[in-house]
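Here are the chains, one letter per residue:
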Amino acid sequence: MKFVLATHNPGKLREMSAILSQFGVEVVSPGDLGITVDVEETGTTFAENAMLKARAICEAAGLPAIADDSGLCVDALNGGPGVYSARYGGEGLDDRGRYMLLLNNLRGQTTRAAHFACAIACAFPGGDELTAEGRCDGTIAFAPMGEGGFGYDPVFFVPELKKTFGQLTAEEKSAISHRGRALADFVKKLATYLKK
Ligand code: ITT
């Protein structure tokens, strides 16, 4: 069975493809199918937004679709930017602009605890749906470190490894990341679903 990955974010696409193919799940990108569906993320939770994207791409592609909605939740910002992580600071900013804004907004702040959250949703053409979630705890670094990954990775510090996500290899990141954990949980649920 082939799944379309319901994301237009190249960083996510790369990580999701690598993790899912490791579990033997065959995936294609919306680009491979010539699909460009812009889904309005009107949900208030990661799970709601993931399901909105999975349903829309499933309908457009006629294939089961797997979506990821994720974000960085910072304690000192009352859990923000959270579901607004991709839009933090407005449309004009790139990844670096967003994490530099975050560092500025946390200047002088000693409470640095944060976590990444990821919701995975899968929608099948027949109407069946699966969901899974994952989380990774860490802190916000005082300066960016590392060139790996995407998004906020250079400023997300994992105390156990004494490195930011940006300093990890793709494999090291996926072994502990919110996305890696959510997809591992999803693959288990998918296996149970496909047996039925
Ligand atoms: P799609 O909706 O097309 O999947 P998006 O980038 O708009 O792409 P989200 O709405 O889920 O996706 O926003 C998630 C944002 O959270 C993403 O753009 C990054 O800024 C951040 N983010 C999520 N996972 C991350 C990770 O593993 N490393 C760094 N930043 C991450």
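The sections below set out a description of the structure shown in this document. None of these values were measured; they are calculated from a predicted model. (Residues numbered from 1 in each chain as written. Predicted model: local features only at pLDDT ≥ 70, side-chain atom pairs only at ≥ 80, totals over all residues. Heavy atoms only, no water.)

Examined against the element boundaries, D68 turns out to sit in strand 3 (residues 65-74). For D68, a relative accessible area of 0% puts it in the buried group. (Helix = DSSP H or I, 4+ residues; strand = E, 2+ residues; numbered from the N terminus. Buried < 20%, exposed > 50% of the residue type's maximum accessible area, 1.4 Å probe, protein only.)

Turning our eyes to something else, we now look at the site of the ligand. Around the ligand there are 20 residues in total, and T7, K12, K53, D153 and K173 lie nearest to it. Note that an oxygen atom of the ligand is positioned 2.9 Å from one of the backbone N or O atoms of H8. Here a nitrogen atom of the ligand sits 2.6 Å away from a polar atom, N or O, in the side chain of D153. Contact with the protein chains removes 91% of the 610 Å² of surface that the ligand exposes when unbound. Breaking the shell around the ligand down by element, the ones donating at least two residues are strand 3 and helix 5 (178-195). Here the shell around the ligand takes 4 residues from strand 3, the largest share from any one element. (Near = heavy atom within 4 Å. Polar contact = N/O pair within 3.5 Å; in protein donor to acceptor, adjacent residues only side chain to side chain. Areas by Shrake-Rupley, 256 points an atom, 1.4 Å probe, with all protein chains shown as cover.)

It is worth spelling out helix 1 (residues 10-22) at this point. When the terminal C-alpha atoms of helix 1 are compared, their 18 Å separation across 13 residues agrees well with the 18 Å that a helix rising 1.5 Å per residue should span. What helix 1 keeps buried is the set G11, K12, E15, M16, I19 and L20. All buried residues of helix 1 lie within an arc of 135° about the axis, which places them on one face of the element. One side-chain oxygen at the N-terminal end of helix 1 lies 2.8 Å from the backbone nitrogen of G11; it belongs to N9. Once helix 1 finishes, G24 follows within two positions and takes phi at roughly 80°, a positive value. (Expected span 1.5 Å × (residues − 1). Arc of directions from axis to C-beta.)

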